[in-house]
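Here is how the chains run, residue by residue.
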Amino acid sequence: MSFHPKMEYAPARFHKSARTLPDPGGDFTYTAENQAKFDANVQRYPPDQRKSAILYALYLAQRQQGFLTRAAMAHVAGQIRCTTADVEDVVSYYTMFYTKPVGTYVLNVCRTLSCALLGAERVTEAISEKLGIKVGETDASGMFTLIEVECLGACDRAPVVMVNDDWEERLAPEQVGEFIDHVRAKGRAAFTGCHLHKEK
Amino acid sequence: MARVTIDGRPYEVPDGGSVLGAVRAARVRLPTLCHDPRLAPSGVCRLCLVRIAGVARAVTACTTPLADGMDIVTASPELAAARRGILRMLAARRRSRAALIDESHPYIRVDMSRCVDCYRCVQICDEVQGQFVWHVRGRGLDTRIEPDGASLRESACVSCGACVDTCPTGALEDRLGAAHGAPDTWTRTVCPYCGVGCELDAGTRDGRLVAVRPVIDSPVSRGHLCVKGRYAFDFVAAGDRVTEPMVRGRGAWRTVTWDEAYAVVAARLGDVIRRHGADAAAVLTSARATNEDNYVAQKFARAVLGTHNVDCCARVCHAPSAAALRRVVGAGLATGSFDDIERAATLLVCGANPTESHPVVGARIKQAARRGARLIVIDPRRIELAAYADLHLAVRPGTNVALLNAMAHVVLAEGLGDRAFLAARTSGLEEFRRFLDAWPPSRAAEICGVDAASIRRAAVLYATGAPATSVHGLGVTEHVQGTDGVAALINLALLTGNIGRPGSGVNPLRGQNNVQGAAHMGCDPGVLAGSVPVDQGRVAFERQWGVALPSAHGRTLPQMLDGAIDGSVRALWIMGYDVLLSNPDAAATAQALAALDVVVVQDLFLTETARDYASVFLPACSSFEKDGTFMNAERRVQRVRAALAPRGGSKADWQIVCEAARAMGAGGFDYAGPEAIWDEVRALCAGARGMTYARLDRGGLQWPCPSLDHPGTATLHAETFARGPRAVLEPVPYRESSQTPSTEYPFQLITGRTLYQFNAGTMTGRTRNADLRPADLLDISPDDAARVGVGEGDAVRVISRHGTAVLGAHVDATVAPGQLFATFHQPAVRLNAVTGEGRDPVTGTPEYKVTAVRLEHA
């Protein structure tokens, strides 16, 4: 129907670097257990405030799959009753939602003031050297991912590294190698645990 | 008014609003990046920092409410330093990150390296259009704005261009006209497309239309436009515009001078009239031509040809709305205004798909629903608005009357009517009640395919959420019960007292920019300008025109075509209307056009009708090339202004008609210009008397406006109905369409419009909209697609009792099983070969909205 000369349309692109669209991923639905957890959680909010459950919904999806694909975000969107794009916004904002596969143990090195003064940078370097990876990467064994984060709220025990959901406090750069070897050998049993628990 | 001090000088500024508003009202310069009057103030750019005496720190003027007596400082070394610091941060952020460049869209270029994070695009897409395309992603330095798809083209974007219009930096930019440079002249005029009638500013440079932008203070569009108004203007300069008159001799077109063309027209029309009488000639006018064009054309038919055979394309769309409204309340006009959308507590959208067909009104309805207005959608398809609705009744095509009767039944049975209104302003309630006793929801449920509980709920929502307004489209009128459907809607409004007060009403959404005007200017065999029935207006018009008006009744458009077939109509003058593509049952239309002795076509392009059947072609100019007025769906008369000179030898429609009339020796056609024609309309029609061109200059006026100091009428029938003190509640019996599904024709086909194309595609087909919507599609439900074995994109043949058409299938869950939906814009598809001969008995409006068909693989 067009009377115009044909026009070429260029795809979207990023200047300087590639635009990273989330991995489409395969089919995703909650397991029955996670679905039940979500259904229980969403009851905490008024029906017209269903969107408030989005963080928990994403947390469940990430726990189930390790990271968030577009299919997982679409599933969450369906649960929350919003658009997938809205879910993508939220995922893009929070550093603890991963859009790429991560290792079994995610090492979150705090780099904010107290930790920085007490050598967080050298902790990062030591992990980096030990595992042969840069910040944001996962090691060859698929066991460890290194990430730098802002304040973890454990300033009195700096430098601190959060391994998945647990703190490793006062982790001196020279102890890093030994800690990683222990985790590799013993898994979660190698975690020293948060002083708050120990002092209880 | 508030008294404030700005930079040491006293000012009086309007109350309310923000400090920024006051500063702007005082015409003091204050820089902003994130401010747009269409949006809620966000204060994110921080550039409008001011000092207010008594406030400890600098505040953003846009988010600070104005108070009387404020002492405001807009410029100081401290503020300048703060602004410089903010700008430096913006610049640093821009350098630090990767920027999205997206050239996937034909009209919008994205280059986010120019983005300053003001979020105006994000806000306007949410708050004005309601499309939610632009998203803010990431955090901190990495914050970026992205569309919701892999590219803008693949996103939910509806190409309205609002984000481009608001972007302060050119990160979002119009691609059209970019090669020709920025416009140097802006001309305010009215959109050439639908009946919403948005004002727009047309930007020209070197005699070329290069840009269109919305008008912020337009009462209709409020600074918004849709893809058609904003971008689909290239048809004006299309290579195949015909710009010289042509006459066909022995099958071949010959370019002639205007004088020669008029001589041929005069001779051939004269010949037909001499041999077969004046009623063998007929005139069809255009709902896309101005009021002046249409007035002159019907005057030409009545005073020069001597026949009431004059009609316009309102016949095939909203003639039933006009007929029903005229019959029940006395004026064939929308009873309210678009502003009632915002005033209403409940909105009933019946047989209309405003987000595609009337996008600016669609966006306003969507925003009203988002703000919490109740929304009821009655439509066979799950249209976009259904997602925002409290209730969607997926009524079976052609059963509106049964559904609306059942809703009225519930209103009366449950005592939800407005008793005071019924007692004071209606009659016939008892008889009406007896009639409705036979229409419980359970009966309608069976006919309409909607469960009885939903019908009841719709009635309760509508009746208890006052004020309630209804908007309806061709899904109500284009049925064999078109007029009845509108009457049933009016009944519902009367029962609940929803006529004649703000926020209420029965409002037809007119399809083309001047449908209301064309019919109102007397392009209807039964009425004269001002919608006066011929018999009532005869004396005044005969006096004004100085001729005797014909006594025989005129023919409507379908009757003209019937007459062509039986030989009683021999000549047809068609102004800006592709009859062959637009009318139903194309085979019958073609037969009628072929049987005519003389077909004069006045158009921009050699339309299918002109190409195949015209004997004389008179090149008209577009509405961007002429002056005049349009009357939109809310009765608002607005000025159309020439932004360009007529292309080549083309002329304005009124000019062509007047010159032809003079060539035929008629007097009374020597107007100096459109204003002189309009002044004649004003002299004849009390409702237009107060509407001088000077008064129409800004924003227009709503009909009726009977005197020079009258503000125009936003709400009709406020105290009394135009027909008298009482409206009659009229029982409307339901009749079944003949197009019910059968074993041979198991599907019901609905035809309608898409956002990107417009009617016969004459204009939009010649713009880049054709890249966004390249072809007509047949929407089929997933169930039916699986059952019939049709996949996405498959070519299918649609076959009815009247003809066939081949088009691509689109599997679409918004369509109900057993139904099909197709658009009718593509000349090559010619969907109207399929639609049938069913007509509304009152107005002759064709039954486009339901045709029994079957499908075959093509």
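Residues numbered from 1 in each chain as written. Chains lettered and ligands numbered in written order. Predicted model: local features only at pLDDT ≥ 70, side-chain atom pairs only at ≥ 80, totals over all residues. Heavy atoms only, no water.

### Looking at the overall build of chain B
As a reminder, the rule being used: Every helix listed is a DSSP run of H or I at least four residues long, and every strand listed is a run of E at least two residues long, numbered separately from the N terminus. Atoms counted for the radius of gyration: C-alpha only. Globule rule: 2.2 Å times the number of residues to the power 0.38. Burial status follows relative accessibility: with a 1.4 Å probe on protein chains alone, a residue under 20% of its type maximum counts as buried, one over 50% as exposed, and anything between as partly exposed. Contacts are assigned to residue pairs that have any heavy atoms within 4.5 Å of one another. What sets the accessible areas is the Shrake-Rupley method with a 1.4 Å probe; for residues, cover comes only from the shown protein chains. For the charge count, each Lys or Arg is scored as positive and each Asp or Glu as negative, with His and the chain ends excluded. Think of each charge as sitting on NZ of Lys, CZ of Arg, CG of Asp or CD of Glu.
Across its full length, chain B carries 29 helices and 38 strands. Taken against the 2.2 N^0.38 rule, which gives 29 Å for 858 residues, the C-alpha radius of gyration of chain B at 28 Å falls within 12% of a compact globule. The principal-axis extent of the C-alpha atoms belonging to chain B is close to 90 × 65 × 60 Å. For chain B, the residues scored as buried account for 64% of the 858 residues in total. For chain B, long-range pairs separated by at least 24 residues make up 71% of all intrachain contacts whose partners lie at least 6 apart in sequence. About 28800 Å² of surface is accessible on chain B, with carbon and sulfur atoms providing 51% of the total. Within chain B, one finds 93 positive and 89 negative side-chain charges whose respective centroids are separated by 4 Å.

### Some words on the domain arrangement of chain A
For clarity, the threshold we go by: Domain borders in the structure are assigned automatically or taken from a domain database.
Structurally, chain A comprises domain 1 (32-93) and domain 2 (105-199). Averaged C-alpha coordinates put domain 1 of chain A and domain 2 of chain A at centres separated by 29 Å.

### Observations concerning the pattern of salt bridges
Residue and element names in this part refer to chain B. Applied cut-off: Salt bridge, as used here: a side-chain nitrogen of Lys or Arg that lies within 4 Å of a carboxyl oxygen of Asp or Glu.
What the rule picks out here adds up to 65 salt bridges over all chains. The closest approach of N and O atoms between Arg 109 and Asp 111, which form a salt bridge, is 3.9 Å. According to the relative accessible area criterion, Arg 109 is partly exposed, its value standing at 22%. Exposure remark for Asp 111: the relative accessible area of 9% places this residue in the buried category. Glu 856 is paired through a salt bridge with Arg 854; the nearest N and O atoms lie 3.8 Å apart.

### Quick word on the pairing of strand E22 (residues 468-472) of chain B
Residue and element names in this part refer to chain B. To keep it simple, the criterion reads: At least two bridges found by DSSP between two strands is the condition for calling them paired.
Counted residue by residue, E22 has five buried out of five residues, so it is predominantly covered. Burial along E22 is two-sided: Ala 468, Ser 470 and His 472 and Thr 469 and Val 471, pointing in opposite directions, are all buried. Bridge analysis of strand E18 (residues 346-350) against E22 gives five bridges, and the strand direction is parallel. Looking at the pairing, Leu 347 lines up with Thr 469 of E22. The pairing of E22 with strand E23 (residues 505-508) spans four bridges and is parallel. Across the sheet, Ser 470 pairs through a bridge with Val 506, a residue of E23.

### Observations concerning the side chain of B:His318
All names here are of chain B. Test applied: Polar contacts, as used here, are pairs of N or O atoms within 3.5 Å; protein pairs need one atom able to donate a hydrogen and one able to accept it. Residues neighboring in sequence count only if both atoms are side-chain atoms.
Within the secondary structure, His 318 is located in the loop between strand E17 (310-312) and helix H8 (319-328). On the basis of relative accessibility, which here comes to 0%, the residue His 318 falls in the buried class. Polar side-chain contacts of His 318 include one of 2.6 Å to the side chain of Ser 321. Excluding anything up to four places from it in sequence, His 318 contacts His 472, Gly 473, Leu 474, Thr 477, Pro 508, Leu 509, Arg 510 and Gly 511.

### Some remarks on the packing of helix H20 (residues 534-545) of chain B against helix H26 (residues 674-684) of chain B
All names here are of chain B. Definition in use: Lines fitted to C-alpha atoms define the axes here, with helix axes fitted over just the stretch in contact, and angles between the N-to-C directions of these axes take values from 0 to 180 degrees. The sense of a crossing depends on the near helix, which, turned anticlockwise from the far helix by less than a right angle, makes the crossing left-handed and, turned clockwise, makes it right-handed.
Two elements in contact, H20 and H26, have axes separated by 11 Å at closest approach and are oriented at 145°. Like other packed secondary-structure pairs, H20 and H26 cross with a definite hand, here right-handed. Listed contacts from H26 to Ala 540, Phe 541, Gln 544 and Trp 545 of H20 are Glu 680, Ala 683 and Leu 684.

### Notes on the environment of A:Met143
With respect to the helices, strands and loops of the structure, A:Met143 is situated in the loop between helix H6 (120-131) and strand E3 (144-149). Once residues lying within four places of it in the same chain are set aside, the contact partners of A:Met143 are A:Gly103, A:Thr104, A:Tyr105, A:Val183 and A:Arg184.

### Re the nonpolar core
All names here are of chain B. Note the cut-off: Here, nonpolar core refers to any group of buried Ala, Val, Leu, Ile, Met, Phe, Trp, Tyr and Cys residues whose side-chain atoms link them within 4.5 Å.
Residues Tyr 295, Val 296, Phe 300, Trp 573, Ile 574, Phe 669 and Trp 678 are the most contacted members of the largest nonpolar core, which totals 97 residues. At seven residues, helix H7 (residues 291-305) tops the list of elements feeding residues into this core. Among the nonpolar cores identified, the runner-up in size contains 75 residues, and Val 196, Ala 344, Val 360 and Ala 373 belong to it.

### Observations concerning the sheet that holds strand E30 (residues 636-640) of chain B
All names here are of chain B. What the three strands build is an open sheet, ordered E29-E30-E31; its pairing is antiparallel. At either end of the open sheet lies a strand with only one pairing partner, and these are strand E29 (628-631) and strand E31 (701-702). Pairing of E29 with E30, which is carried by four bridges, proceeds in the antiparallel orientation. Bridging across to E30, Gly 628 finds its partner in Val 640. Helix-sheet contacts for H7 involve E29 and E30, and the interaxial angle to E29 is about 95°.

### Topic: the environment of B:Glu792
Residue and element names in this part refer to chain B. As for its placement among the helices and strands, Glu 792 is situated in the loop between helix H29 (782-788) and strand E35 (795-799). Sequence separation between Glu 792 and Arg 144 is 648 residues, and the spatial gap between their C-alpha atoms is 35 Å. Those residues in contact with Glu 792, other than ones at most four positions away along the chain, are Ala 809, His 810 and Val 811. A polar contact of 2.9 Å, which involves the side chain of Glu 792, links it to the backbone nitrogen of Val 811.

### Overview of the sheet that holds E35(B)
To summarise the sheet geometry, strands pair through backbone hydrogen bonds and adopt either a parallel or an antiparallel arrangement. Residues and elements named next belong to chain B. If you walk around this closed barrel you meet the six strands as E33-E37-E34-E36-E35-E38, and the pairing is mixed. Within the sheet, the average angular offset between the axes of one strand and its neighbour, ignoring direction, is 45°. Examined bridge by bridge, E35 and strand E36 (residues 804-811) share five bridges and lie antiparallel to one another. Across the sheet, the residue bridging to Ile 799 is Thr 804, located in E36.

### Points about the pairing of strand E33 (residues 747-752) of chain B
All names here are of chain B. In terms of burial, E33 is a largely internal element, six of the six residues being buried. Of the strand pairs in this sheet, E33 and strand E38 (residues 851-857) are connected by three bridges, and their pairing is antiparallel. In the sheet register, Phe 747 faces E38, and the bridge partner there is Val 853. As paired strands, E33 and strand E37 (residues 819-823) are joined by five bridges and run parallel to one another.

### Description of the domain arrangement of chain B
Residue and element names in this part refer to chain B. Operational definition: As a working definition, buried area equals the accessible area (1.4 Å probe) given up by two parts on being put together, with both sides summed.
According to the domain assignment, chain B consists of domain 1 (2-92), domain 2 (98-237), domain 3 (246-317 + 523-702), domain 4 (319-508) and domain 5 (747-857). Inter-centroid distance (C-alpha atoms) of domain 2 to domain 4 is 34 Å. In this assembly, 19 residues from domain 2 lie in contact with 16 residues from domain 4. Counting each side, the surface lost to burial between domain 2 and domain 4 is near 1200 Å², with a carbon and sulfur contribution of 55%. Broken down residue by residue, the surface that domain 2 buries against domain 4 is led by Phe 132, Val 196 and Arg 222, which jointly contribute 33%. Run the count over domain 2 and domain 4 and you get two salt bridges. Salt-bridge contacts for Arg 222 lead to Glu 342; the nearest nitrogen and oxygen are separated by 3.4 Å. Where domain 2 packs against domain 4, one counts nine residue pairs in polar contact (both at pLDDT 80 or more). Element by element, the count of residues in the side of domain 2 that touches domain 4 is highest for helix H3 (residues 120-129), at four residues.

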